[in-house]
There are 4 protein chains.
Amino acid sequence: MSYAGGRHFLQIPGPTNVPDSVLRAMAAPTIDHRGPEFGELGRSVLAGLKPVFGTTRPVVIYPASGTGAWEAALVNTLSPGDRVLCFETGHFATLWQEMAGKLGLSVDFVPGDWRHGVDPAQVADRLGQDTAHEIKAVCVVHNETSTGVTSRIAEIRAAIDAADHPALLLVDTISSLGSIDYRHDEWGVDVTVAGSQKGLMLPPGLSFNAISDKALAASEKAKLPRSFWDWRPMLAAAERGYFPYTPATNLLYGLRESLRLLEEEGLSTVFARHIRHAEATRAAVAGWGLEVLCADEREHSAALTAVLVPEGHDADKIRALILDRFDMSLGAGLGKLTGRIFRIGHLGSFNDLSLAGTLSGVQMGLALSGVPIRPDGINAALDRLSVS
Amino acid sequence: MSYAGGRHFLQIPGPTNVPDSVLRAMAAPTIDHRGPEFGELGRSVLAGLKPVFGTTRPVVIYPASGTGAWEAALVNTLSPGDRVLCFETGHFATLWQEMAGKLGLSVDFVPGDWRHGVDPAQVADRLGQDTAHEIKAVCVVHNETSTGVTSRIAEIRAAIDAADHPALLLVDTISSLGSIDYRHDEWGVDVTVAGSQKGLMLPPGLSFNAISDKALAASEKAKLPRSFWDWRPMLAAAERGYFPYTPATNLLYGLRESLRLLEEEGLSTVFARHIRHAEATRAAVAGWGLEVLCADEREHSAALTAVLVPEGHDADKIRALILDRFDMSLGAGLGKLTGRIFRIGHLGSFNDLSLAGTLSGVQMGLALSGVPIRPDGINAALDRLSVS
Amino acid sequence: MSYAGGRHFLQIPGPTNVPDSVLRAMAAPTIDHRGPEFGELGRSVLAGLKPVFGTTRPVVIYPASGTGAWEAALVNTLSPGDRVLCFETGHFATLWQEMAGKLGLSVDFVPGDWRHGVDPAQVADRLGQDTAHEIKAVCVVHNETSTGVTSRIAEIRAAIDAADHPALLLVDTISSLGSIDYRHDEWGVDVTVAGSQKGLMLPPGLSFNAISDKALAASEKAKLPRSFWDWRPMLAAAERGYFPYTPATNLLYGLRESLRLLEEEGLSTVFARHIRHAEATRAAVAGWGLEVLCADEREHSAALTAVLVPEGHDADKIRALILDRFDMSLGAGLGKLTGRIFRIGHLGSFNDLSLAGTLSGVQMGLALSGVPIRPDGINAALDRLSVS
Amino acid sequence: MSYAGGRHFLQIPGPTNVPDSVLRAMAAPTIDHRGPEFGELGRSVLAGLKPVFGTTRPVVIYPASGTGAWEAALVNTLSPGDRVLCFETGHFATLWQEMAGKLGLSVDFVPGDWRHGVDPAQVADRLGQDTAHEIKAVCVVHNETSTGVTSRIAEIRAAIDAADHPALLLVDTISSLGSIDYRHDEWGVDVTVAGSQKGLMLPPGLSFNAISDKALAASEKAKLPRSFWDWRPMLAAAERGYFPYTPATNLLYGLRESLRLLEEEGLSTVFARHIRHAEATRAAVAGWGLEVLCADEREHSAALTAVLVPEGHDADKIRALILDRFDMSLGAGLGKLTGRIFRIGHLGSFNDLSLAGTLSGVQMGLALSGVPIRPDGINAALDRLSVS
C-alpha cells in the first residue's frame, strides 16, 4: 500500500483502532515472565479485567486469539458426546457450533435468519423439552459480529432459570466486551469468552475466559482432553500473577494501558458512547434510505451496524471502492450474507468526528458505486451527535 | 486531558498530524553524531530535502524552530542598519519584521489588511523608488499561517526583476513547504525559510534555509553578528553529512521517514491533495453561508482556511466548545484577528475522511454555538471530495 | 521496579532481548486481517520463515505460545491411545510428555539425568524393539532450555532410519530456532515446533509448526479432537497469506522485521555468533573453577549455559542478589534442578560487549554471594571473544 | 550499518543512551502548543527542571542544541565590545570563547594545558587586576567534555567574591547537569547553560538557561542584538506553561519522562552512581597501566574519562577497531588532542553491567590494536563495582 496522506480508517468490527498509548506500551522491552516485575504486571491485569467482565470471580488470560477462548470454554467444561445447545444467529455462532462438533460434542443447532438474536422463548422451549438434562451447555454469542445483532443475555438467563435446567451458560462477548454493557456475575453466565482486539482496544493475540463457580466445578469432571487450555494450572499460577507457560508479555503491557484508559473514561461512559455512535449510524442509514440488517429494535448492536445493500448491488465492490478511494476498511458480509451487506464498526477507541468521517466515506462510496441513496445520511448522523 | 475515546483531531495549521511511521522512526536510539552511520543519515536528508524546496543548491538544517530559520536568513545575509522591505500580510509577517528590527535592521513595513497576499505591483513600486538600492532584502511570507492567504512568489520575483533591483528575496515557507507548490530555484528565491512541523509532517524542532548562490555571496559580506546560525560551518560540515554542533538526531530520523513518504506519494500528488481539500473546505464554508478571510481568488491557501465568524460571535468560544465537545483543535485568530476568525488546518498528513470529520465537527460546533449557519457545508464538501 | 539507570540485562534463555526495531515495528497500527495489505504481510512472513526452519514445506503460524505449538504437533498427527516415545532430557521434555498424556496418548518416557541429550542409540534400541510399529511418534527437544544440552537431531534421524521404523519425528526447537543450526528437511523432521520469543528475537505470543509431507498425510488420519490447532484451515488460508481466524497482527509486524534482521546478518553468521558466545561463556565458567551442567562435549548448547552451583550454595539466592544488585535476570534451575543451577541465556539479539557485561555480573554476583570462585572468568571470556 | 546482533554501545560522552521509556514518550502524537493540554506539559517540565539545576529561579527551554544556549547566555547579558574572561580548559571552552568573539565580545582567554580545570586562583588574580570592572562575565565550562576534567564552580564563585568583582558567572553544564552535583543558586551562578542529550538522557534538540536575578537585571541593559534567544518573551510565556514560538513538543514529552526518571532514582543517587562508574573506569585505566588525561585528583569527571594513548599509537584507529569489532562508539580526541586520547562516556542512563561491557570492549580493543596493556583493567573495575 503506498502512502497517500492521513491515517487509514479501520472501521471493520474488529480489530479496532488501537490507541497510540496502547501501541507504545506494547513497545516496551520484554521482561522475565518469572521475575517480580512480571508478577506486578500479572496481578494488575488479572484484577483489572474483573470489573470489565462484571465479575468478582477469576478471569483467565490466554496468549491466543478469541477462537482459542471458545475452545477453552468447551474443553474445560464438557465431556465427549455432551449435548450443547447453539443458535444460528450468524456466522460466528455457526463457527462456534462447528468447533463444538469437531471437538466431539453433540450440537443442537437452532436455525435462525441472521437478523435476530437468540430468542429467550426458544431457549426456554428447548430446555423445557430436555427433561433428562442431556443438554450440558447453552452457547450464545452476545454480539454477533457478522450481523450487528445483540442477544439479550439477561432474558436468556431468566429462560434457563424458568426451565429449572442445570445447563451451563457459555457466552461469547468477543465483540461486545468493553463496548456493550455486560454482567458476568449478575446475569449468571458460567463462561464468558472474550478477545483483545475489539472493545479492549488491543491488537489481537489475547483471549479470555471469565469463569463462574459452577463452571469451575464442571471443569473438575469434564473429560475432553485439554492441556494448553486447561484452567487449573492457569488459575493456580494466577494467584501470584504468573502463568504456567510463557505469556504474551508485550500484549499484557498493552492490556494494562487499555484497562487504564477504560477506567479513566469510565465503563458507563464508554457504553453510552457506543450507543450514541450506533444511533447516529442508524440515523445515517435511514437518511440514505437503506435498511439495517438487525430486525429487532431491542437487539441493535452498539458496536457495529450491518447495512443491507439494495438488490443488484454487490456490497464487496462498494467496500473495495471505499478502500481504494477513501482508505477505509469496512466489514464484509460473511457466509450467507456475502455481498449482501457491509458492516460498519464503531467500537473501541472511537469518537464523534471519526464516526462522521466514517459515515461520510460510506455516503460518498455508496453514491460513487451507483447505489440509489438520499444524501441525508451524514446530516442525520450529525444531528444525533449534536445531542449529548 | 482524560481519555474519551478515539484520536484527537489536530486541525490547527501546524504542528500537523505526524504519521505514525514518522513518530516510530523518531523513537530509534540516538547514535553518535560523529560516526559513519550518522554520515549516511545526514547525507540522505540533506539530499532528500532539495527536491522538496525545488533547488539544487544547499539546504541547511538547524536543530531549532522555524523562528530560528527566520533569524538565520537575516543574520547570514545582512549587516546592521540594512534596509529590508516587509509586507503586512498577517501576524507572522508582522513578527518577522519585528525580529528584523530587534536584530538592528531598518524595516520598511508596507501595511496590509490581512486578507491579501503581497501585491507584486507594490513590490515593483517600492523597489522602483529605491534607486540607491538601499533595500537589501525583500521578505515575503509565502503562505500566511495566520490568514490562509498565499502570496504569489513567481510574480513577486518578476516584479523585482522588472525593477532591476539587486535586493535579495527571502521567503518564509514555514506553512507551505511540502503542501503547496514551491520552487526555490525557478522563482529565484535567495533564502527559503522552512520548518519541520507543517507540510513536512514532523514534530517541531527542525528548521531550514535553502540558499541561492547570490545569498551565499551576500553572506560573505554580511556583518550582523552570528555564530549558532552561521551558514559557513554548517555548509562545510554538510559536505560529508555532518553538522558543526550536535544535531537533533531523532528528529532527523523522522525527517528521513517523512521525506520517504513525500516521495512515495509524489510531490505533485501531495500538492493536488492539498488543493482538493482546500476547495472542499471552502465549499463547506460557502455551504454554511459564511465567509472565508482570504479576499483574492488567486491567493486561497491550500494548507489552511480562515473562516470569518459573524459579528456578535466569539471565534475563541466556538473553538473552545469544539475542543471540549469534539476533541478537535482549530487555529485561533491571531493579533488583530483575535476572536474574529478560526483557522482550519488541512495540511500535512491528511485525507478525505479526516477532512470530512473535521468539517463535521466545525458544522456541529458552529450550530451548537448559536452561529446562524445553513447545514449544507458538509454535503457540499463531500460533493467536492467525490470528484477526483 | 524503580528506575536505577541503564537497561535491564535480560539473560534468561528466553524471552530474549527484543531489538528496538522489532519493538517499533510492533507498534504500527493494527490493520484489517482480511484486506490486501494484510495478505502481503502474511505471504511475506510465511515465506520468510521457511529458510529459518530449513524447509521448503509449509510453516503454520499460531497466535499462541510455544506450548500451543507442542499441542498442535500432537493433535494434528496422532489419535487417542497412540504410543509416543519421549526422552527425559530435562524440564521441558518432561512437560511435553505430560501434555501428551493429558491429551490421551500413551507415553514411553525414557529416563535421563538432565545432563545429556537424547542418545541416538537408545532411539534405535527402543524403535528396534517395537516391531509392531506401535510407536507413532518420537518426540525430541532439540535444545533443552532447562539444561543447556542440545540433542543431535541428525543422528537421531539416522537411528530411526536404521531401525526402519515409520514413527514420525517431532522436534521442539523453541530455544534453538534462529540460534542453532537446524534443518527440518535435511534431517527428515516431520513436525518442528517453535516459538517467537527466543532466537526469533520477538516477544512471546507466536508459535510455529513446520510440517513434512509425511506429517501432513498423518494429519488426514489423526483422530485427536482438534479445532483451534487444526492445520488444514491454516494451510488453506495461508496460500493467499491469510489465517482462518484473527491472527496476532502486531506480532507478525515484529516477525517481518526480525526475519529481515536474520537475513541481513545471515543465518550462518548468526549461528557462528551464538557458538562464539557459548564458548566464551564456558571459558568464563572454567575460569571461575565451576562446572557446566552439560556433560557431553558434543552437546553444549550455543543458546544458553547452565552452571552448577557448589554444594551448600543456593542458585536462586545468587540469582536474586544479581537481580537486585546488577539488574540482570538469569534463568532458574527448574524441576529437579531447582536451586542447583542457574542458566545464562546468550541467545537472540546479543553481542560481545553485552556478553562481557553479563559475565561480569555473574562473576561479581558469585563472589558477593560467597561462592568460592577464581576471578579469572571474565578475562578468559574476553580472550575467547578477542579471537574472531 | 548492517545488523549484527545486540545493541550498539553508545559510549561517547553524549549524546547518551536514551532510556526506552523516554523514546516511547517522544513518539506520542504532537499536540496544539497553544492548547490547555500543552500548558500542563509546559508547566510540568519548567517546574521539574528547577531542582535539577539547583535553582528556584526560572529556567528557559530552547528548541535548540546546547550551542544555542551558549549563545543565549551571551546575547541576553552582554553588549557589543564587553570583555569576558574565558579559560582554555579544552575544546568546548575554546569554542565558546570563539563564539563570544564572533558575537562581538572582547575575550580574555587564559591559556591552559587541557588537563586541568579552571584555577580559582587565576580567576581571583584576573579579576583582581580588573579594578575598572571591565570584565562583564566569567565563562566557565563545568565539565569539559573534551577532557574529562571538572572545574570547581564553588571555589570559582568564592574567588570572584573574594575579588569583590561584579562580573557575571556563566557556566556551561552541558555534560554535567543531571550527572554531577550542581547548584545554580547555592554557587551563585548567573547563567547556567545546559543541553538535553547528556545527563538528562534525551536526544539532542533542547537546551536551557537557568537565570539568576542578577543575570535577569543584566538582560535589561544588554545590547547585543537578540530575538530568537531573547529571554523576555520566553519568561513571559512560561508563566502559564507556554512558549513565544513553536516549542519542540515531542522532545518536551521526553523531558517530562526523563525528569520523572531522575526523580524516581533520586538526584543524589544518580550522582553517586556516576562517581562509582568514574572510579571503576579509572581503576580499569590504572589496571591497564595507562594514564587518565585529567591531572588533578580533585577534578576527575564523573561523566566521562579521557584516556591517554601511549606514544606511537593512534587513538582514532583504536576507536575505529572497537566500533568495527565490538559495535561501540567512543569519543575522539578533539582539537589539539586529536589521535592522542579516547574518551569513555559513562553518563546518563547507564549501569554497572553496561560499564563492565564497555570496559571489556576497551580492554579487548586496546589489546587487539597492539597497545601494550596489562589485562587487569576489567577485574579492577569489577572490584570497584562490587563495593556499593
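For clarity, every value in this text was computed on a predicted model and none was experimentally measured.

Looking only at helices and strands, chain A has 13 helices and 14 strands in total. In terms of principal-axis extent, the alpha carbons of chain A reach across some 60 × 55 × 35 Å. A burial count over chain A gives 63% of its 388 residues as buried. Residue pairs in contact within chain A that sit at least 24 positions apart in sequence constitute 74% of those at least 6 positions apart.

Now for the environment of Gly331(C). Residues and elements named next belong to chain C. On the secondary structure map, Gly331 appears in strand E13 (residues 328-332). Sequence spacing of Gly331 and Gly54 is 277 residues, and the spatial spacing of their C-alpha atoms is 29 Å. The contact partners of Gly331, leaving out residues within four places of it in the chain, are Ile12, Pro13, Leu304, Phe342, Arg343 and Gly345.

This part is about the interface of chain B and chain C. The interface is formed by 5 residues belonging to chain B together with 5 residues belonging to chain C. The residue inventory of the side of chain B that touches chain C, partitioned by class, reads 3 nonpolar, no polar and 2 charged.

Interhelical geometry of helix H12 (residues 352-368) of chain C versus helix H13 (residues 377-386) of chain D gives an angle of 50° and a closest axis separation of 10 Å. The orientation of H12(C) relative to H13(D) falls into the category oblique. For the pair H12(C) and H13(D), the sense of crossing is right-handed. Across the interface between the two elements, Ser360(C), Gln363(C), Met364(C), Ala367(C) and Leu368(C) from H12(C) touch Leu382(D), Leu385(D) and Ser386(D) from H13(D). Its residues assigned to classes, the contact of H12(C) with H13(D) comprises 5 nonpolar, 3 polar and no charged.

Another aspect to go through is the relation of the copies chain B and chain C. Copies of the same chain, two in number, are related to each other by a rotation about an axis and a translation along it. For the pair chain B and chain C, the relating rotation is 180°, the translation along its axis is 0.0 Å, and the fit reaches an RMSD of 0.0 Å. Here the two chains are linked by the operation of a two-fold rotation axis. Using C-alpha coordinates, one finds that chain B approaches the rotation axis most closely at Arg24(B), a distance of 3.0 Å. Comparing interface residues between copies, 100% of those in chain B also sit at the interface in chain C, which points to an isologous, same-surface contact.

In the predicted model, chain A carries a mean pLDDT of 98, and the fraction of residues at 70 or more is 100%. Across the assembled chains, the prediction reports ipTM 0.98 with pTM 0.98.

When chain D is brought onto chain B, the operation consists of a screw motion whose angular component is 180° and whose axial shift is 0.0 Å, with 0.0 Å RMSD remaining. In this assembly the copies share their binding face: 100% of the residues contributing to the interface of chain D also contribute to that of chain B.

With that out of the way, let us pick up the UniProt feature "domain: Aminotransferase class V" (unreviewed entry) in chain A. Annotation from UniProt places "domain: Aminotransferase class V" (unreviewed entry) at residues 32-321 of chain A. Across residues 32-321 of chain A, helical content stands at 43% and strand content at 16%; the span's end C-alpha atoms are separated by 47 Å.

On to the sheet that holds strand E10 (residues 207-211) of chain A. All names here are of chain A. Taken in spatial order, the 7 strands make up an open sheet running E2-E10-E9-E8-E5-E3-E4, and their pairing is mixed. Two strands lie at the open edges of the sheet, namely strand E2 (59-62) and strand E4 (106-110), each paired on one side alone. Sheet twist, expressed as the mean angle between neighbouring strand axes with direction ignored, is 20°. Across 5 bridges, strand E5 (residues 135-141) lies against strand E8 (residues 168-172) in parallel orientation.

Facing the 48 residues of chain D at the interface are 48 residues of chain B. Counting residues per element, the ones that place at least two in the side of chain D that touches chain B are helix H1 (20-26), helix H3 (66-77), helix H4 (91-102), helix H9 (249-265) and strand E13 (328-332) of chain D. It is H3(D) that contributes the most residues to the side of chain D that touches chain B, 4 residues altogether. Classifying every residue of the side of chain D that touches chain B by side-chain character gives 25 nonpolar, 16 polar and 7 charged.

All right, on to the domain arrangement of chain A then. The figure often quoted for interface size is the accessible area lost as the parts come together. All names here are of chain A. Per the domain assignment, the segments making up chain A are domain 1 (9-16 + 266-385) and domain 2 (20-263). The centre of domain 1, based on its C-alpha atoms, is set 27 Å off from the matching centre of domain 2. If you look at the interface, domain 1 gives 29 residues, while domain 2 gives 29 residues. Elements with a contribution of two residues or more to the side of domain 1 that touches domain 2: helix H10 (267-288) and strand E12 (304-308). For the side of domain 1 that touches domain 2, the residue count by class is 15 nonpolar, 9 polar and 5 charged.

So, on to the packing of helix H10 (residues 267-288) of chain C against H12(C). Residue and element names in this part refer to chain C. Orientation of H10 relative to H12, taken along the N-to-C sense of each, is 20°, at an axis distance of 11 Å. It follows that H10 is roughly parallel to H12 by the angle criterion. Here the hand of the crossing between H10 and H12 comes out right-handed. Listed contacts from H12 to His277, Ala280, Thr281, Ala284 and Trp288 of H10 are Leu355, Leu359, Gln363 and Leu366.

Cis rather than trans, the peptide bond between Gly14(A) and Pro15(A) has omega equal to -5°. Locating Pro15(A) in the fold gives a position in the loop between strand E1 (9-11) and helix H1 (20-26). Even without glycine at this site, Asp164(B) takes up a positive phi of about 50°. As for its placement among the helices and strands, Asp164(B) is situated in the loop between helix H6 (153-162) and strand E8 (168-172). The class for Asp164(B) is exposed, based on 9 C-beta atoms found within 10 Å. Positioned with a positive phi, Asp327(D) is a non-glycine residue whose angle comes to about 55°. Its place among the elements puts Asp327(D) in the loop between helix H11 (315-326) and E13.

Before going further, it helps to examine the pairing of strand E9 (residues 191-195) of chain B. Regular strands show a simple pattern: their side chains alternate between the two faces of the sheet. Residues and elements named next belong to chain B. Burial analysis of E9 places 5 of its 5 residues in the buried class, the great majority of the element. By the alternation rule, side chains of E9 split into Val191, Val193 and Gly195 and Thr192 and Ala194, which are all buried. Across 3 bridges, the pairing between E8 and E9 is parallel. Bridged to Leu170 within E9 is Val191.

Time to look at the pairing of strand E2 (residues 59-62) of chain B. Residues and elements named next belong to chain B. Going residue by residue along E2, you find Val59 and Ile61 tucked away on one face and Val60 and Tyr62 tucked away on the opposite face as well. Both E2 and strand E10 (residues 207-211) contribute to a ladder of 4 bridges, which runs antiparallel. Residue pairing for E10: Tyr62 is matched across the bridge by Ser207.

Conventions and cut-offs
Residues numbered from 1 in each chain as written. Chains lettered and ligands numbered in written order. Predicted model: local features only at pLDDT ≥ 70, side-chain atom pairs only at ≥ 80, totals over all residues. Helix = DSSP H or I, 4+ residues; strand = E, 2+ residues; numbered from the N terminus. Buried ≥ 20, exposed ≤ 12 C-beta atoms within 10 Å, placed from the backbone. Contact = placed C-beta atoms within 7 Å. Nonpolar A, V, L, I, M, F, W, Y, C, P; charged D, E, K, R; others polar. Axes fitted to C-alpha atoms, helices over the stretch in contact; angles between N-to-C directions. Parallel < 35°, antiparallel > 145°, perpendicular 65-115°, else oblique. Left-handed = near helix turned anticlockwise from the far one by under 90°. Least-squares fit on C-alpha atoms with pLDDT ≥ 70 in both. pLDDT = per-residue confidence, 0-100. UniProt positions renumbered as here; feature names shortened; annotations may be inferred. Pairing = 2+ DSSP bridges. Domains from an automatic or database assignment.

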